[in-house]
Structures are given as structure tokens and as C-alpha cells.
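Remarks on the overall topology
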Amino acid sequence: MSTETGQEKVRGWLTGRLPGDWFEGDTELSIDRDEILIVGRIPAPEQNKDVSAAERSAAESGRIKQFREDTRERRIEIARELEHAARRKVAWGVRCGDTRTVFTSLSAPVMTRLRQPERQVLDTLVDAGVARSRSDALGWCVKLVAQHSETWLSDLRTAMTKVEEVRNAGPGNA
């Protein structure tokens, strides 16, 4: 169901099943082979325009917590139905103002084989206290790449061009 048709079916099902007063506008829907993540926008608390960023963030977090508590039973019921139909776990999230929170999301193990240089990268992150374990370090790396993918990939392409130039100018290539 990771195809666009599968996503359309889930979106359609949710459109018919979600209470109309829960979210403003369309929900964000993300599907992979393990999980369906549903993130809806809820109204931000009304505040004066001159409140601090900290106060605004705290009010949005409070609104999200209230929504989570008020809708828990219904969200569980809807998630069970969708999990049965789609054969995937369902996670929920909410966007309120500038705050986005995902409630209990699936953490799926991913097997990989790494050679020593890659393991050394992970071990450096662990030794530096950036990550608690190699697994945590690998997750950190994936998040960083996802967060900065376009900039990073552009920088990577530029670096690869420079490396190629250095290689071509090296001994024996003249």
C-alpha cells in the first residue's frame, strides 16, 4: 500500500472515518511498509500577538496535550480498524501553530552490514556523546541526511567533482 493508489485509499477511508471537528484542512499522510502516520492540524490557542515565543510554544503544546487526551479512545478505535484493513501500524500526530508532535510512532529495526569505516563514523558519534549506541548513531545520521538532503546532496556533488579533479591531478595521471 505504499503506492499512490494505496495512499489514496487510506486518505479516502480517513476522510470518511475521522470526526469532522478534529482537524482543520487535509491531514498529512505518510505511509511506508511498516506504518501509517496521520498528522492533522488543530486550531492554535488564541493569544495576543505580542506574547513571547516561549509562551506561544507552551500554549500550543498544552493544546496538543489536551487534544491527545480528549481523542485517545476514538483514535485507538480508528487506528485498530485501519491497522486491520491496511496491515500496518498506525501512528498519530498533530500540528498546532508552529508546533508539530507525533504520538507514539513505530521504531522498526533495520538490518545493515557496515564495514569498518562506517562503523568508525558511528563509534565517533557514540564516543562524542552525540549518540548512546551505534543504533542511535545510525538513526541520528539518517535524520540528519533527511533534514538536510537537498543542501547536503548538492554539497556532496560539488565535493565529488573536486575529489575527481584532485584524483586526475595526482601522480601517474599527468
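By convention here, each chain's residues receive numbers from 1 onward along its written sequence. Given that the model is predicted, a residue must reach a pLDDT of at least 70 before its local features are reported, and side-chain atom pairs must reach 80 or more before they are shown or counted; all residues, however, enter totals for whole chains, interfaces and linings. Hydrogens and water are ignored here; the side-chain numbers use all heavy atoms of the structure.

Strands are labelled as partners when DSSP assigns at least two bridges between them. Only runs of H or I of at least four residues qualify as helices and only runs of E of at least two qualify as strands under DSSP, and these elements are numbered from the N terminus. Pairing of strand E3 (residues 89-96) with strand E4 (residues 99-102) involves 4 bridges; the strand directions are antiparallel. When the sheet's bridge partners are listed, Arg-95 is paired in E4 with Arg-100.

In space, the 4 strands of this open sheet follow the order E1-E2-E3-E4, with mixed pairing throughout. Each edge of the open sheet is held by one strand with a lone partner, namely strand E1 (24-31) and E4. This sheet shows a mean twist of 20 degrees between the axes of neighbouring strands, independent of strand direction. Helix axes use the C-alpha atoms of the stretch in contact, all axes being lines fitted to C-alpha atoms, and the angles between their N-to-C directions lie in the range 0 to 180 degrees.

Here the focus is a nonpolar patch on the surface. A patch consists of residues whose relative accessible area exceeds 30% and which take part in no salt bridge; residues with like charges are grouped when within 9 Å of each other, and nonpolar side chains (Val, Leu, Ile, Met, Phe, Trp, Tyr) when within 5 Å. For every accessible area listed, the method is Shrake-Rupley and the probe measures 1.4 Å; residues are considered covered only by the protein chains on display. By convention in these notes, a salt bridge is any Lys or Arg side-chain nitrogen within 4 Å of a carboxyl oxygen on Asp or Glu. A grouping of Val-145, Trp-152, Leu-156 and Met-160 is seen on the molecular surface, where their side chains present a nonpolar patch of about 360 Å² in accessible area. A total of 3 residues in the nonpolar patch trace back to one element, the largest contributor, which is helix H5 (residues 149-168). Secondary-structure assignment places Met-160 in helix H5.

Let us look at helix H3 (residues 116-127). The α-helix winds at 3.6 residues per turn, so residues separated by three or four positions along the chain end up facing the same way. Its 12 residues place the ends of H3 16 Å apart at the C-alpha level, agreeing with the 16 Å of an ideal helix rising 1.5 Å per residue. Following H3 by one or two positions, Gly-129 adopts a phi angle in the positive range, close to 85 degrees. A helix's residues, less one, multiplied by 1.5 Å, set its expected span.

Nonpolar side chains in soluble globular proteins tend to be buried together. Ranked by internal contacts, the top residues of the largest apolar core, which has 21 residues, are Phe-23, Ile-36, Ile-38, Leu-82 and Trp-92. Elements with a minimum of two residues in this core: helix H1 (4-17), E1, strand E2 (35-42), helix H2 (53-86) and E3. No other element matches the 6 residues that H2 contributes to this core. By nonpolar core is meant a set of buried Ala, Val, Leu, Ile, Met, Phe, Trp, Tyr and Cys residues that side-chain atoms within 4.5 Å join together. Relative accessibility under 20% of the residue-type maximum defines a buried residue, over 50% an exposed one, and the middle range a partly exposed one, all with a 1.4 Å probe and only protein chains included.

Okay, the confidence of the model for the protein next. Residues with a pLDDT of 70 or more make up 97% of the protein, whose mean pLDDT is 89. Per-element averaging of pLDDT across the protein places H5 at the bottom with 83 and E3 at the top with 96. pLDDT is a residue-level measure of predictor confidence that goes from 0 to 100.

What follows covers the environment of Asp-98. Assignment of secondary structure puts Asp-98 in the loop between E3 and E4. Residue Asp-98 is classed as exposed on the basis of its relative accessible area, which comes to 72%. Distance from Asp-98 to Arg-80, taken between C-alpha atoms, is 29 Å for residues 18 residues apart in sequence.

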